[in-house]
Amino acid sequence: MIVYLDQNKWIELARIANGLDTTVRDKNILGEFLAASKSKCIFPLASTHFIEFSRIGDVGRRKRLGELMWKISKDKTFAPYQSIVEREIEVALRKLGIDITPRPEQLIGEGVEFAFGVEFQSELLKIFKALVNKSILTGSEMFDIDPVGSVNLDSHRNNFFNHLSQINEKKYQLDKSKWDDWLHAISMVDIIDPLNRVFQKHSLSVSIMEKFSKEQHKEFLMSMPTRKLDIHLHRQVLKNEQYKPKKSDLEDWGGIGVASCYCDVVVCEKHFASLLNRDGYIPKARIVTKLDHVFKNFA
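I will try to describe carefully the structure that is included in this document. (Residues numbered from 1 in each chain as written. Predicted model: local features only at pLDDT ≥ 70, side-chain atom pairs only at ≥ 80, totals over all residues. Heavy atoms only, no water.)

The next point concerns empty space enclosed by the protein. Counted by the stated rule, this structure contains two cavities of 30 Å³ or more. Taken as a whole, the largest cavity encloses approximately 40 Å³ of empty space. Every residue along the wall of the largest cavity is listed here: Leu45, Phe50, Trp70, Ser73, Asp75, Thr77, Gly111, Val112, Asn133 and Leu137. Of all the elements in the fold, those that place two or more residues in the lining of the largest cavity are helix 4 (59-73), helix 6 (111-116) and helix 8 (129-138). When grouped by side-chain class, the residues that make up the lining of the largest cavity number five nonpolar, four polar and one charged. Taken together, Tyr4, Leu5, Asp6, Gln7, Thr48, His49, Glu52, Glu251, Asp252 and Ile256 make up the full set of residues lining the second largest cavity. Counting only elements with at least two residues in the lining of the second largest cavity, the list comes to strand 1 (3-5), helix 3 (47-54) and helix 15 (249-260). Here the residues of the lining of the second largest cavity sort into three nonpolar, three polar and four charged. (1 Å grid on protein atoms, 1.4 Å probe; cavity = no way out; pocket = protein on both sides within 12 Å on 5 of 7 lines; lining within 4 Å. Points joined across faces, edges and corners; volume = space filled by probe spheres on them. Helix = DSSP H or I, 4+ residues; strand = E, 2+ residues; numbered from the N terminus. Nonpolar A, V, L, I, M, F, W, Y, C, P; charged D, E, K, R; others polar.)

Now the structure itself:
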């Protein structure tokens, strides 16, 4: 069973582990997670976890959280967004009759390099891979280093925040009958780069996409779990004139959202859980908002 925890839920577990939350319920929750991590449950960390983790200013707090994340995740990490989307593109093209063989699915790997889709270039780093990955979260007394510090991706967060802020303004530039087409176009533009990489890898001509009808373009997108989700989430913003985007929406959509397409259980805040369960949309994962609900129905 693959269980994806929103960063706030990792923090909640760390508070229990460090004696800040001490009720019987809290202790039982931590006990369940520790036991599950020693069995067949996987609690992967995604690139968004490392990014959010790095923003914690207090080194001591970062180290205590990192110790808990390392202990429960056991260095298991979730596939990077670009790899997931590229495979989805290959599968979607195959369904539309394009003669290609999609790459094997690999959702779970090990280490920060798998989560970000990179490889250590240094032979020394490769030899000490586990130690390096642990040090990123916990720091290392041996090497006198702290857990990884701030990774600044504010420009990406701000761009996405501005994009969501403008949705309900821009929609009035179109006739309402065109809104659905617009949402599909937004989702298509978002995957132009991975689409190009897939076409280059398989030596495909871009004319393939040009020959698709509008219905085929929609079928292509809706057969991709992350695109179906993206369109659903954009539609929720479009329907809510009072929607107030948050700077953390990029991590929510790209982390929790993608995980909800592939994991067995996702634990997140009520706001995002509500978005995932509207208008008949059914995520692959079971969505819960409380840590003590994770293992219900799995006894």
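This paragraph deals with the nonpolar core. Counting 56 residues, the largest nonpolar core has Ile89, Leu93, Phe220 and Val266 as its most contacted members. In contact with Ile89, other than residues within four places in its own chain, are Ile191, Pro194, Leu195, Val198, Phe220 and Met224. Among the nonpolar cores identified, the runner-up in size contains 33 residues, and Leu5, Ala36, Cys41 and Leu291 belong to it. (Core = buried A, V, L, I, M, F, W, Y, C linked by side-chain atoms within 4.5 Å. Buried < 20%, exposed > 50% of the residue type's maximum accessible area, 1.4 Å probe, protein only. Contact = heavy atoms within 4.5 Å.)

Take the sheet that holds strand 5 (residues 286-288) next. Taken in spatial order, the three strands make up an open sheet running 1-4-5, and their pairing is parallel. Here the strands that pair on one side only, and so sit at the sheet edges, are strand 1 and strand 5. Pairwise comparison of adjacent strand axes, ignoring direction, gives a mean angle of 15° for this sheet. (Pairing = 2+ DSSP bridges. Axes fitted to C-alpha atoms, helices over the stretch in contact; angles between N-to-C directions.)

Looking now at the packing of aromatic side chains. A complete count under the given rule lists six aromatic pairs for this structure. On the basis of an interplanar angle of 70° and a centroid distance of 6.2 Å, the ring pair of Tyr4 and Phe78 is categorised as edge-to-face. Here Phe78 lies in strand 2 (residues 76-78) and Tyr4 lies in strand 1, a separation of 74 residues in the sequence. According to the relative accessible area criterion, Phe78 is buried, its value standing at 3%. (Phe/Tyr/Trp six-rings, centres within 6.5 Å; stacked < 30°, edge-to-face > 60°.)

In this section: the pattern of salt bridges. Throughout the structure, instances matching the rule amount to 24 salt bridges. In this structure, Lys246 and Asp249 form a salt bridge, with 3.4 Å as the shortest nitrogen-oxygen distance. Its relative accessible area of 31% is what places Lys246 among the partly exposed residues. Put simply, Glu86, Glu90, Arg103, Arg197 and Lys201 are held in one network by salt bridges that share partners. (Salt bridge = Lys/Arg side-chain N within 4 Å of Asp/Glu carboxyl O.)

With that settled, the discussion passes to helix 8. Taken together, the buried positions of helix 8 are occupied by Val132, Asn133, Ser135, Ile136, Leu137 and Thr138. A positive phi of about 75° marks Gly139, the residue just after helix 8.

To continue, consider the layout of surface pockets. Here the largest pocket is characterised by a volume of approximately 1,100 Å³. Tyr81, His156, Asp190, Leu250 and Gly254 are, among the 37 residues lining the largest pocket, the residues nearest its centre. Those elements that place two or more of their residues in the lining of the largest pocket are helix 3, helix 5 (81-95), helix 6, helix 9 (154-170), helix 10 (179-189), helix 11 (192-201), helix 14 (225-239) and helix 15. Within the lining of the largest pocket, the residues separate by chemical class into 20 nonpolar, ten polar and seven charged. Roughly 330 Å³ of volume is contained in the second largest pocket. Lining the second largest pocket are 19 residues, and of these Ala79, Pro80, Ser83, Gln106 and Phe114 lie nearest its centre. At the level of secondary structure, the elements contributing two or more residues to the lining of the second largest pocket comprise helix 5 and helix 6.

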